[in-house]
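Now for the letters of each chain:
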Amino acid sequence: STTTTTQTVDAIVIGAGFGGIQATHRLGNEFGMTVKAFDKAAGPGGTWYWNRYPGAMSDTESHIYRFSFDKEMLQEDTWSNTYLMQADILANIERVMDRYDLWQYFEFNTEVTSAIYLEDAELWEVTTSKGDVYRAKYVVNALGLLSAVNLPDIKGMDTFEGEILHTGAYPEGKDLTGLRVGVIGSGSTGTQVVTALGPKVKHLTHFIRTPQYSVPSGFRPVDEAEVLETRENFDAIWDQVKNSAVAFGFDESTTPALSVSEEERQRVYQEAWERGGGFRFMFGTFGDIATDLEANETAAAFIRSKIRETVKDEEKARKLTPTDLYARRPLCDGGFFETFNRDNVDVVALKETPIEEIVPNGIRTADGTVHELDVIIFATGFDAVDGNYRRMNIRGRNGIHINEYWDGQPTSFLGVATANFPNWFMVLGPNGPFTNLVPSIETQVEWFTDFIKHAEDNGLASIEPSQESVDEWTKTCSEIADMTVFGKVDSWIFGANVAGKTRSVLFYVGGLKNYRDILKDIADNDYRGFELRSAVAASVA
Ligand code: FAD
Ligand code: NA7
C-alpha cells in the first residue's frame with residue numbers, strides 16, 4: 001500500500017499560466033511565503049503550453065501581451081511581428097520562470113484533484129493526482145478561463161480510422177502535409193487553423209455551424225526601430241492600457257456610429273480594416289457597436305460586404321457570411337476568407353447540412369455526402385471560465401461543494417473570490433474583466449496577493465467575501481452585460497457554447513479602468529465587502 005504524507009505550506013497555487021506564475025512569484029519570492037505550485041501540463045505556459053495548433057497566435061498586439069510589472073525585463077523584451085506566435089509567448093513565459101527562479105516551486109504533470117477546507121484547522125487540504133496531500137492556508141486557483149477543452153460527443157467518433165485532434169491539446173510539430181483534413185469550428189481558433197493549414201494540406205474541409213465576422217489582423221513584421229520606440233514609451237503605453245476599457249492599446253471611440261454620415265462611417269471602417277485588429281474594429285471605430293443594434297448592423301454590413309468581395313466562389317461566400325449580430329469576441333485573421341479561394345479548401349454549412357455521423361473514413365453530413373478525411377481537428381473551444389473548477393472536488397465551509405454552491409450560475413465577488421470559500425482566490429474567475437487579459441490578470445494577482453499580505457500582517461485567520469457582496473457583484477455584472485449586444489447571441493462569453501451548460505453572465509464588461517478603480521476603492525476601505533476574521537475570534541467561536 002502507498003503511504004501519503006501531509007506537507008504544510010502557506011499557499012498552494014494551481015496553474016502555470018500567466019496567473020499562476022505571477023501569483024507564485026509574488027507570494028514566494030516577494031512575500032517569502034512557502035508556496036507549492038502545480039500544473040497538470042508537463043511545463044509552464046498554460047494556454048500557450050496546450051495550444052500548439054498550426055497558426056496559433058495572440059490577437060492582442062505583441063508589445064502588450066506580456067507582463068508589465070518588470071520594467072527591466074520590458075527593456076530587454078523583443079518581438080518580430082505585430083502579434084506573437086504561440087512559441088514566442090511560451091518562450092517569454094519561460095524567460096519569466098528563469099528570471100525569477102520559479103521552477104523550484106512548480107511540480108508539473110500533476111493535477112490537483114481536490115481542495116477541501118478544514119474548518120477546525122482553518123486550512124485547505126489539497127490532493128494531487130499522484131496521491132500527495134498538502135495543507136495550506138491559502139489556495140490560488142489560476143486554472144485558466146479558456147482551458148477546459150470542449151470536445152463535443154459526435155456519433156461514431158470512436159469508429160474514425162484517422163486521427164482526431166483538439167486544438168486545445170495539440171501535439172507539437174504535427175505534420176499534416178499531403179493529408180485530407182477536416183476542421184470543425186470557426187471561432188478564433190478555427191479561423192487561425194484553417195488559414196495556416198489551407199496552403200499546406202492536400203485538402204481541407206471547414207465545417208462551420210455559425211459563420212463569424214472577422215477582420216484582418218494587420219499581422220506584419222516589426223522592425224528594430226519600432227521596438228526601440230515602444231520600449232522608450234512603455235510607461236505611457238501601460239498607463240493607457242490600464243486606464244482603458246478593453247485594454248488592447250487604443251483609445252475606445254465614444255462617437256456613435258449613426259452620428260456621422262454614411263460616407264464618413266465607411267471611411268472609418270475602411271481605415272480600421274486596413275489597420276487591422278478585431279477589438280480595434282469593434283471598439284476603436286465607434287462607441288456603440290457593442291451596445292446599439294443599429295450601430296452594430298453598420299459594422300456587420302461592412303464586414304459582410306468585404307467577405308462577399310473577397311471570396312470569389314458565390315456559394316462558398318454565402319456559406320461563410322454571418323447573418324446574426326456582430327456580438328461575439330471580435331475576431332481577426334491573417335487571410336481566412338482568402339483561403340477559400342484555393343481549390344483545395346472547402347466549406348460545409350452545418351446549419352444546412354448537419355453532421356450526421358463520423359464514419360471510419362470521414363464525416364457524413366445530412367445530404368448523404370461522406371467527406372473523406374485522414375484527420376479531424378476539433379476547434380470547438382472550451383468549457384469557459386468555470387469549466388476547470390467544476391472538474392475538481394472543491395469543498396468550502398460546511399463541506400459545500402463548488403458545484404452545489406454554483407448550482408446554475410457560477411458567481412464571485414470581483415472575479416477573485418467567493419463566499420463560503422475562505423482564503424481561496426481565483427484568477428479570472430466568473431465575472432472577472434473582459435479585456436486583453438494579461439493586464440487584467442496582473443491587476444487581480446497584485447490585488448489579491450496584497451490582500452493575503454494584509455491578512456498575514458494583521459494576524460487574520462480567514463478572509464472571504466460576504467454572500468451579499470457576491471450577490472451585488474453578480475447583479476452589477478448582469479446589468480452591465482444587459483446593456484450590450486453580447487448576450488443576444490450564443491457564445492462562450494455567456495457559457496452558451498457547451499451542450500448541457502447553463503447560460504449565465506460570466507464577465508464584468510465594465511472595462512479595466514472601472515474595474516481597477518473598484519478594486520482600489522475596496523482595498524482602501526478595509527476590504528469592504530469581505531469578512532475578515534482574526535485567529536482569536538475564530539478559535540473562540
Ligand atoms: P491558463 O494559461 O489557461 O493556465 C491555466 C493552467 O492551469 C493550465 O496550464 C492548466 O493545465 C492548469 N490547470 C487547470 N486545472 C488544473 C488542475 N486541477 N490541476 C493542475 N493544473 C490545472 N487572451 C488575450 O488577452 N489575448 C489573446 O490574444 C489571447 N489569445 C488566446 C488564444 C487561444 C488559442 C486561447 C485558448 C486563449 C487566448 N487568450 C488570449 C486567453 C488566454 O487564456 C489568457 O490570455 C491567458 O493566457 C490565461 O492565463 P491563465 O494563467 O489565467 O490561465
Ligand atoms: P469558440 O470561439 O468557442 O469557437 C468554437 C467553434 O466551434 C464555434 O464555431 C462553434 O460553433 C463550433 N462548435 C462547437 N461545438 C460544435 C459542434 N458540436 N458542432 C459543430 N461546431 C461546433 O472557441 P475558440 O477556441 O475558437 O476560441 C475561444 C477563445 O480562445 C477565443 O475567443 C480567443 O479568446 C481564444 P457555434 O458558434 O457554437 O455555432
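Below you will find a few notes about this structure.

Scoring rules and cut-offs
- Residues numbered from 1 in each chain as written.
- Chains lettered and ligands numbered in written order.
- Predicted model: local features only at pLDDT ≥ 70, side-chain atom pairs only at ≥ 80, totals over all residues.
- Heavy atoms only, no water.
- Helix = DSSP H or I, 4+ residues; strand = E, 2+ residues; numbered from the N terminus.
- Rg over C-alpha atoms; globule rule 2.2 N^0.38 Å.
- Buried < 20%, exposed > 50% of the residue type's maximum accessible area, 1.4 Å probe, protein only.
- Contact = heavy atoms within 4.5 Å.
- Areas by Shrake-Rupley, 256 points an atom, 1.4 Å probe, with all protein chains shown as cover.
- Lys, Arg positive; Asp, Glu negative; His and termini not counted.
- Charge placed at Lys NZ, Arg CZ, Asp CG, Glu CD.
- Near = heavy atom within 4 Å.
- Polar contact = N/O pair within 3.5 Å; in protein donor to acceptor, adjacent residues only side chain to side chain.
- Nonpolar A, V, L, I, M, F, W, Y, C, P; charged D, E, K, R; others polar.
- Arc of directions from axis to C-beta.
- Pairing = 2+ DSSP bridges.
- Axes fitted to C-alpha atoms, helices over the stretch in contact; angles between N-to-C directions.
- Salt bridge = Lys/Arg side-chain N within 4 Å of Asp/Glu carboxyl O.

Now for the overall build of the chain. Counting its secondary structure elements, the chain contains 18 helices and 24 strands. Computed over its C-alpha atoms, the radius of gyration of the chain comes to 24 Å, within 12% of the 24 Å expected for a compact globule of 541 residues. Across its three principal directions, the C-alpha atoms of the chain cover 75 × 60 × 45 Å. Every one of the 541 residues in the chain was classed for burial, and the buried ones make up 58%. The contacts of the chain with a sequence gap of at least 6 include a subset with a gap of at least 24, amounting to 71%. For the chain, the accessible area works out to roughly 21900 Å², and carbon and sulfur atoms hold 47% of it. A gap of 2 Å separates the mean positions of the 50 positive and 80 negative side-chain charges of the chain.

Residues in close proximity to ligand 2 total 19 residues, the closest being Ser 186, Thr 189, Arg 209, Thr 210 and Arg 328. Contact between ligand 2 and Thr 210: an oxygen atom at 2.5 Å from a side-chain N or O atom of the residue. Note that an oxygen atom of ligand 2 is positioned 3.2 Å from one of the side-chain N or O atoms of Trp 492. Coverage of ligand 2 by the protein amounts to 86% of the 780 Å² it exposes when considered alone. Counted by class, the shell around ligand 2 contains seven nonpolar, nine polar and three charged residues.

Within the span of helix α7 (residues 234-242), buried status applies to Phe 234, Ile 237, Trp 238, Val 241 and Lys 242. Each buried residue of α7 sits inside an arc of 125 degrees when the element is viewed along its axis, so together they form one side. Away from the buried face of α7 by more than 90 degrees, exposed residues Asp 235 and Ala 236 are located. Close packing links the buried residues of α7 with α3 (71-76), α6 (224-232), α15 (437-457) and α17 (512-524).

The next thing to look at is the sheet that holds strand β17 (residues 370-372). What the three strands build is an open sheet, ordered β15-β16-β17; its pairing is antiparallel. Two strands in the sheet have a free side with no partner beyond their single neighbour: β15 (355-359) and β17. For this sheet the average axis-to-axis angle between neighbouring strands, irrespective of direction, equals 25 degrees. Where strand β16 (residues 362-365) meets β17, three bridges bridge the pair, whose relative direction is antiparallel. For Arg 364, the partnering residue across the bridge sits in β17 and is Val 370.

On to the sheet that holds strand β18 (residues 375-378). Strands belonging to one sheet form pairs held by backbone hydrogen bonds; the direction of such a pair is parallel or antiparallel. In spatial order, the strands read β9-β18-β10-β11-β14; together these five strands make up an open sheet with parallel pairing. Taken across any chain shown, the strands that pair with only one partner, and hence form the sheet edges, are β9 (163-166) and β14 (345-349). Taking the axes of each pair of neighbouring strands and ignoring which way they run, one obtains an average angle of 20 degrees across the sheet.

Bringing the side chain of His 63 into the picture now. Tracing the sequence through the fold places His 63 in the loop between β3 (57-61) and α3. In this structure His 63 comes out as buried when scored by relative accessible area, which is 16%. Once you skip the residues sitting within four places of it in the chain, His 63 turns out to touch Trp 79, Thr 230, Phe 234, Ile 237 and Trp 238.

Taken as a whole, this structure holds 43 salt bridges when the rule is applied. The closest approach of N and O atoms between Arg 99 and Glu 76, which form a salt bridge, is 3.8 Å. Of this pair, Arg 99 sits in helix α4 (residues 86-99) while Glu 76 sits in helix α3, and the two are 23 residues apart along the sequence. According to the relative accessible area criterion, Arg 99 is partly exposed, its value standing at 34%. Assessed through its relative accessible area of 46%, Glu 76 is described here as partly exposed. Taken together, the salt bridges that share partners define one network made up of Arg 66, Asp 70, Glu 72, Glu 76, Asp 77, Arg 95 and Arg 99.

Next up on the list: the site of ligand 1. Ligand 1 sits among 34 residues. The nearest are Asp 39, Thr 47, Asp 59, Tyr 65 and Leu 437. Within the backbone of Gly 19, an N or O atom sits 2.9 Å from an oxygen atom of ligand 1. Between an oxygen atom of ligand 1 and a main-chain N or O atom of Leu 437, the distance comes to 2.7 Å. Of all elements in the fold, only α1 (18-30), α2 (47-50), β3 and α15 reach the threshold of two or more residues within the shell around ligand 1. Its residues assigned to classes, the shell around ligand 1 shows 15 nonpolar, 14 polar and five charged.

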